[in-house]
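Listed below are the residues making up each chain.
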Amino acid sequence: MNAPLPLQATDDAGARARRQAEVVSALSPLVPAHALLWQREDTTPYECDGLTAYRALPLVVVLPETEAQVAAVLKACHALQVPVVARGAGTGLSGGALPHTLGVTLSLAKFNRIVKIDKTARTATVQSGVRNLAISEAAAPHGLYYAPDPSSQIACTIGGNVAENSGGVHCLKYGLTLHNVLRVRGFTVEGEPVEFGSEALDAAGLDLLAVIVGSEGMLAVTLEATVKLVPKPQLARCIMASFDDIRKAGDAVAAVIAAGIIPAGLEMMDKPMTAAVEDFVHAGYDLSAEAILLCESDGTPEEVAEEIDRMLDVLSGAGASRLEVSKDEAQRLRFWSGRKNAFPASGRLSPDYMCMDSTIPRKRLADILLAIQQMEQKYGLRCANVFHAGDGNLHPLILYDANDPDQLHRCELFGADILETSVALGGTVTGEHGVGVEKLSSMCVQFSPGERQQMLALKAAFDPHGTLNPGKVIPTLQRCAEYGKMHVRKGLLPFAELERF
């Protein structure tokens, strides 16, 4: 099995130019002239995704317009053994769409057609470049919508959602992308058609839908998906619960779930984040609180009334210092507009921020928040926190200035510390943003060498030469060995435990 190709394969400008000319020559007959970019000024917009701290200039960018063109481009690249990185809207936050410097970036932006809305089956078949929110807009006349709602839903595409198994503020009740996708269709790295899942209740052969969803573009190129639609609830109301102590807020989350309540949404923000958001969108947040929870109920008016009363009782018993229930739809949307705008609001606090993503048991929410407060002192950087609290998915936003290399270095260390602490608390290094390049080293902490070898074996089954989105997600054995040795040198790991890396 060949190891994944490195992101930086050569520093030889002459070799790069020759390879670029070879690739351009091979692809020129396959797509219109305007769909093939290789001049620096044309490829620079593709040098990163939402993780702007890491950038690489692609050798060539291709913007195919038909499935036949996609297949032809993949076949040509496979023949030349040229790396291919599929790209959607570029809103990913882990560097999953970071280009390969000697590879092709395959933009699927032009695959933006809603193929079919089936109101009877409650499904939508859409191309991979369709925006998440556009699905719900198209389904609205039928009283339906697509439930997974990432904060970037106005821009992110369904192909990217499939790649990262994206969630959103309502994923606690309605599930992640995986739970809302029936079928995915696309091409293998060799340009051969492939389909996972089915619009029926079952599909022949191996059930590989759960393998492709969340595979971060490493196994196949997604061109079309069939997703579930759900009826729009008759009513939704949201509670804003304030707490004067972070631990009380964290314990309240666990108490709601322990009471047998599954809210439509259960989100948490700490004091720095609520201050940033309130100044940005004026959502009506309690700025005196150390943390606030947003707890939503949806369904029939009778169901909502009962569930809201139950949640108010639990939150009050957990020590909420203030409880406010949305009086109308406008106020409910204001409450959520604050949460949805947490990322852009943070952009006003600092020149740059790095949005982390890990998952911990709900009962450890307060522990990770208190640990992050100590890390702020340790690394000399601020951090604002917003959580999908109901399923323990954290999104700490570390504030830094990318123009200062030392700040970027401290930010990287800060982020790695959050991820490793999450694992130590019984969690994982990612929830919905994926691993990409950002969390490669942290994968060494969570997974054993044997587990990582199994991941590489699965990758090889789909992509034997490792040319589809190479250098992402699965760290090499050498990388993990070096990471382990660094931990020993810093006194963070006993020498006897080095073998687990």
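Residues numbered from 1 in each chain as written. Predicted model: local features only at pLDDT ≥ 70, side-chain atom pairs only at ≥ 80, totals over all residues. Heavy atoms only, no water.

**Things to note about the nonpolar core**
Okay, step 1: Met 268, Leu 293, Leu 315 and Phe 414 are the most contacted members of the largest nonpolar core, which totals 62 residues.
Okay, step 2: Other than its neighbours up to four places away in sequence, Phe 414 contacts Ile 372, Met 375, Glu 376, Tyr 379, Leu 381, Cys 383 and Ile 398.
Okay, step 3: Judged by nonpolar contacts, the second largest core, of 31 residues, contains Val 24, Ala 71, Ala 76 and Leu 106. (Core = buried A, V, L, I, M, F, W, Y, C linked by side-chain atoms within 4.5 Å. Buried < 20%, exposed > 50% of the residue type's maximum accessible area, 1.4 Å probe, protein only. Contact = heavy atoms within 4.5 Å.)

**As for the sheet that holds strand β4 (residues 104-107)**
Okay, step 1: Taken in spatial order, the four strands line up as β1-β2-β4-β3 in an open sheet, and their pairing is mixed. Two strands close off the open sheet at either side, each with one partner strand: β1 (36-37) and β3 (84-87).
Okay, step 2: As defined by bridge partners, strand β2 (residues 60-62) adjoins β4 across three bridges and the pair is classed as parallel. Residue pairing in the sheet places Val 60 in a bridge with Val 104 of β4. (Pairing = 2+ DSSP bridges. Helix = DSSP H or I, 4+ residues; strand = E, 2+ residues; numbered from the N terminus.)

**Brief notes about the confidence of the model for the chain**
Okay, step 1: Residue-level pLDDT values for the chain average 93, and 95% of them are 70 or greater.
Okay, step 2: Considering only residues more than four positions removed or in separate chains, one finds that residues 1-8, a stretch of pLDDT under 50, has 25 contacts. (pLDDT = per-residue confidence, 0-100.)

**Comments concerning the state of the cysteines**
Okay, step 1: Applying the stated rule across the entire model yields one disulfide.
Okay, step 2: Disulfide partner of Cys 444: Cys 480, at an S-S distance of 2.1 Å. Looking down the S-S bond of the Cys 444 and Cys 480 bridge, the torsion is -80°, so its handedness is left-handed. Linking Cys 444 in helix α15 (residues 440-446) with Cys 480 in helix α17 (residues 477-489), this pair joins segments that are 36 residues apart in sequence. Comparing Cys 444 with Cys 480, the two get one shared label, buried.
Okay, step 3: Cys 238 forms no disulfide, and the closest cysteine sulfur to it belongs to Cys 295, at a distance of 7.0 Å. (Disulfide = S-S within 2.5 Å.)

**Here's the deal with the sheet that holds strand β10 (residues 221-228)**
Okay, step 1: Within the open sheet, the five strands sit side by side as β5-β6-β10-β8-β9. Their pairing is antiparallel. Two strands close off the open sheet at either side, each with one partner strand: β5 (114-118) and β9 (193-197). Recorded for the sheet is a direction-independent mean angle of 10° between the axes of neighbouring strands.
Okay, step 2: Pairing between strand β6 (residues 123-127) and β10: five bridges, direction antiparallel. Considered in β10, the bridge of Ala 124 is made with Val 227.
Okay, step 3: The sheet contacts of helix α3 (residues 67-80) involve β8 (181-187) and β10, and relative to β8 the element is tilted by about 60°. (Axes fitted to C-alpha atoms, helices over the stretch in contact; angles between N-to-C directions.)

**As for the pattern of salt bridges**
Okay, step 1: All told, the structure shown has 27 salt bridges when counted by the stated rule.
Okay, step 2: Overlapping salt bridges bring together Glu 67, Arg 183, Arg 185, Glu 195, Glu 199 and Glu 224 as one network. (Salt bridge = Lys/Arg side-chain N within 4 Å of Asp/Glu carboxyl O.)

**Side note on helix α10 (residues 301-317)**
Helical periodicity: at 3.6 residues per turn, an α-helix aligns residues three or four positions apart in one direction.
Okay, step 1: Under the 1.5 Å per step criterion, the end-to-end length of α10 is 24 Å for 17 residues, consistent within 8% with the ideal 24 Å.
Okay, step 2: Residues of α10 that are buried include every one of Val 304, Glu 307, Ile 308, Met 311, Val 314 and Leu 315, and no others. Down the axis of α10, the sector holding all buried residues measures 130°, keeping them to one side. α10 presents Glu 302, Glu 306, Asp 313 and Gly 317 as exposed residues on the side facing more than 90 degrees away from its buried surface.
Okay, step 3: Contacts from the buried residues of α10 go to β12 (235-243), α8 (246-258), β14 (291-299) and β15 (322-325).
Okay, step 4: A positive phi of about 105° marks Gly 319, the residue just after α10. (Expected span 1.5 Å × (residues − 1). Arc of directions from axis to C-beta.)

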